[in-house]
Amino acid sequence: FQHYFKQINLRMKPILLQAHERSLTKILYNKDGDLLFTASKHNLPNVWWSINGERLGTYNGHNGAIWDMAVTTDSMTLCTASADQSAILWDTETGKIMHQLTAKSPVRSCGFSLTNNILCVTTDKAMNQPCFIKFYDVRDGTQLENSAPFREIEMTDSKVNRMIWGTVEDYIITGHENGELRQYDWKTGEKIKTVHEHEHLIKDLQLSKDRTMLVTASKDTTAKLFDAKDFKELKSFKTDRPVNSAAISPLKHHILLGGGQEAMEVTTSHTKSGKFEARFFHLIFEEEIGRVKGHFGPINTLAFHPSGKQYSSGAEDGYVRIHDFDQSYYDFEYDF
């Protein structure tokens, strides 16, 4: 395996995107894969052509760090969740603000339902405010203009750190500060299911292309694969560092993990010191099959291109790296 990935390291020349002044928090492909959205602790999200890394534009309107982004399946509307206590709905093409949803505490995550009709946002437990999960009907202009969700779910215990929509439009999946994974029914506001397989904060949630499997990334140094509907744990991927992001390849049986030491604990800038590589694991055998170096800080966010022929990573160093896989990646077969 080592020989195989040495070749990938040599041949895969990444496209380096440098536009963010601070560490990356989220990167996101649209459904077609032609656009790549990037956000950081700086207040300006960007959009790029994924094929060549050309920047198309910047979304100017927030006054704080951007924690999460979501884009509709038709790529017409972008939602950004920010520490400035608001979520903004943008016209993706023009960069104009369509609606700004205000909250009483920082907005941590956001996501559109499969039909693009329902927008879910979660807010932080901060400034004497509890954590809320809020649901807006995007078709109802008055809800958006008045920042008046049709349903709110208050979190009395552990706050929501990540939220995504489930396999179907019936429920959302939330990852919590205490390591819990939950399902909520947005129509009734009821909690459907809870599992507590992680010992620490869940940093990332991503679904497989067919939406049947869910991968979680946690500060407890593991990533886990679950059935997205019944939350049965299928696989566990163990590392020696906090895992900040995990993604499932839509093309091969591969899981991609990114993380590293906490930024404040890193004392040198050598790429090996903080273990900042992107790590490939075999989805079935749970074994590491290779690494890709490059970043000078912990990887905070990862995403596979919808085709599986490319992946992008964003790190604490402020850079986004777009990697197109070369032929040796497709030729690789796992020996067992």
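Figured I'd write up the structure that's included with this text. The structure presented is a predicted model; accordingly, all values stated were derived computationally and were not measured.

### Considerations on unusual backbone geometry
One non-glycine residue, Asn116, adopts positive backbone phi at about 70 degrees. Within the secondary structure layout, Asn116 lies in the loop between strand S10 (107–112) and strand S11 (118–123). Given the relative accessible area of 16%, Asn116 is considered buried. Look at Glu286: it is not a glycine, yet its phi comes out positive at around 65 degrees. For Glu286, the location among the structural elements is in the loop between strand S24 (278–282) and strand S25 (288–292). Judged by relative accessible area, which is 33%, Glu286 ranks as partly exposed.

### A short note on the sheet that holds strand S26 (residues 299–304)
Spatially, the 4 strands line up as an open sheet ordered S1-S28-S27-S26, and their pairing is antiparallel. Of all the strands in the sheet, just strand S1 (15–18) and S26 have a single pairing partner and so form its edges. Taken pair by pair, the neighbouring strands of this sheet meet at an average axis angle of 20 degrees, ignoring direction. Sheet topology places S1 next to strand S28 (residues 319–324); 4 bridges connect them, and they run antiparallel. Opposite Leu17, over in S28, you have Val320 as the bridge partner.

### Overview of the pairing of S26
Most of S26 sits inside the fold, with 6 of its 6 residues counted as buried. What sits between the antiparallel neighbours S26 and strand S27 (residues 310–315) is a turn of 5 residues, in which Gly308 has the positive phi angle 80 degrees.

### Considerations on the nonpolar core
As a rule of thumb, nonpolar side chains are buried together in soluble globular proteins. Among the nonpolar cores identified, the biggest contains 16 residues, and Leu256, Phe280, Phe304, Tyr311 and Phe325 are the most heavily contacted of them. Mapped by element, the contributors of at least two residues to this core are S24, S25, S26 and S27. Looking at this core, the element that brings in the most residues is S26, giving 3 residues. Formed by 14 residues, the second largest nonpolar core is a distinct cluster that contains Ala70, Leu101, Val107 and Val121.

The rules behind each value
Residues numbered from 1 in each chain as written. Predicted model: local features only at pLDDT ≥ 70, side-chain atom pairs only at ≥ 80, totals over all residues. Heavy atoms only, no water. Helix = DSSP H or I, 4+ residues; strand = E, 2+ residues; numbered from the N terminus. Buried < 20%, exposed > 50% of the residue type's maximum accessible area, 1.4 Å probe, protein only. Pairing = 2+ DSSP bridges. Axes fitted to C-alpha atoms, helices over the stretch in contact; angles between N-to-C directions. Core = buried A, V, L, I, M, F, W, Y, C linked by side-chain atoms within 4.5 Å.

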